[in-house]
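A structural walkthrough
What follows is the residue order along each chain.
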Amino acid sequence: MEKLKEQYLSLLTSTGRNGIDNVTAYLEKAGFFRAPASVNRHLSHDGGLLEHSLNVYNVAMRLREQMIALRADIEERLPQESVVLAALLHDVCKANIYKKMTKYRKDANNRWEAYSGYDVDYTRFPLGHGEKSVVMLLRLGLELTNDEVLAIRWHMGAWDLSFQSFESKSNISAASDVPLVAILQAADALAAHLLEVKS
């Protein structure tokens, strides 16, 4: 896991973005590098959030390359630095919400067995998933472009819980015209549902 952490930090700091040092210090303090990516779905183990973030980065960079190959004029609207930041930081809101706990399940003999798992606690800062990551990053002093804010905010796409209102539907519809938003939504979904599923 240490090599993955080094790779992650190297990619983030390579952007040279103002405020990135505050972000990396926060991620260390908040337990980002030890957190799972989910309670019981994809990468539900120590370090899963780090793995997921790097998977999203790798998929997003490949999608970027493919889109530029198909439409060269889109390159200026998909800066590499923006893809790096959006992909690696889209889930910073998950850094300190998971708690280890003992859970129970039926074993092969239909008997209850204890196992180590996670629960989630949103009470510290109960704000929606994407917007919470944006607020946290801005509070840490990270300079984000409008496209980066939109990509992180709407990375959950239609799975976003606040997607029910007319205003939200209008907002996500307009945001979907931003190439970085489309790339991040696709990369997040492909990583979580294809790369990270248990076989």
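All values derive from a computational prediction rather than experimental measurement.

Here's the deal with the side chain of D188
Mapped onto the elements, D188 comes out in helix α8 (residues 179-195). Within the buried set, D188 has no salt-bridge partner at all; the shortest N-O distance to an opposite charge, 6.8 Å, is to K94. If we ignore the near neighbours within four places in the chain, the residues touching D188 are H52, V56, H90, H155 and M156.

Thoughts on unusual backbone geometry
The phi dihedral of N110 is positive, around 65°, even though this residue is not glycine. With respect to the element layout, N110 can be found in the loop between β1 (98-106) and β2 (112-120).

Details of the packing of aromatic side chains
Counted by the stated rule, this structure contains three aromatic pairs. Seen from their ring centres, F32 and F33 are 5.4 Å apart, and the 85° between their planes marks the pair as edge-to-face. Here the two residues F32 and F33 agree in accessibility, since each one is buried. Grouped by ring-pair contacts, the aromatic residues Y8, F32 and F33 constitute a single cluster. A cation sits over an aromatic face here: R105 above Y115, 4.0 Å from the ring centre. The ring of W154 has R153 sitting right over it, with the charged end atom 3.8 Å from the ring centre.

A few points about the side chain of S133
Topologically, S133 is positioned in helix α5 (residues 129-139). For S133, a relative accessible area of 0% corresponds to the buried category. Side-chain polar atoms of S133 contact the backbone nitrogen of V92, separated by 3.5 Å. Engagement of the side chain of S133 in a polar contact is seen with the backbone nitrogen of C93, the distance being 3.1 Å. Those residues in contact with S133 that lie beyond four places of it in its chain are L89, H90, D91, V92, C93 and I152.

Rules used throughout
Residues numbered from 1 in each chain as written. Predicted model: local features only at pLDDT ≥ 70, side-chain atom pairs only at ≥ 80, totals over all residues. Heavy atoms only, no water. Helix = DSSP H or I, 4+ residues; strand = E, 2+ residues; numbered from the N terminus. Buried < 20%, exposed > 50% of the residue type's maximum accessible area, 1.4 Å probe, protein only. Lys, Arg positive; Asp, Glu negative; His and termini not counted. Salt bridge = Lys/Arg side-chain N within 4 Å of Asp/Glu carboxyl O. Contact = heavy atoms within 4.5 Å. Phe/Tyr/Trp six-rings, centres within 6.5 Å; stacked < 30°, edge-to-face > 60°. Lys NZ or Arg CZ within 6 Å of the ring centre and 35° of its normal. Polar contact = N/O pair within 3.5 Å; in protein donor to acceptor, adjacent residues only side chain to side chain.

Honestly, it's all geometry; don't read function into it.
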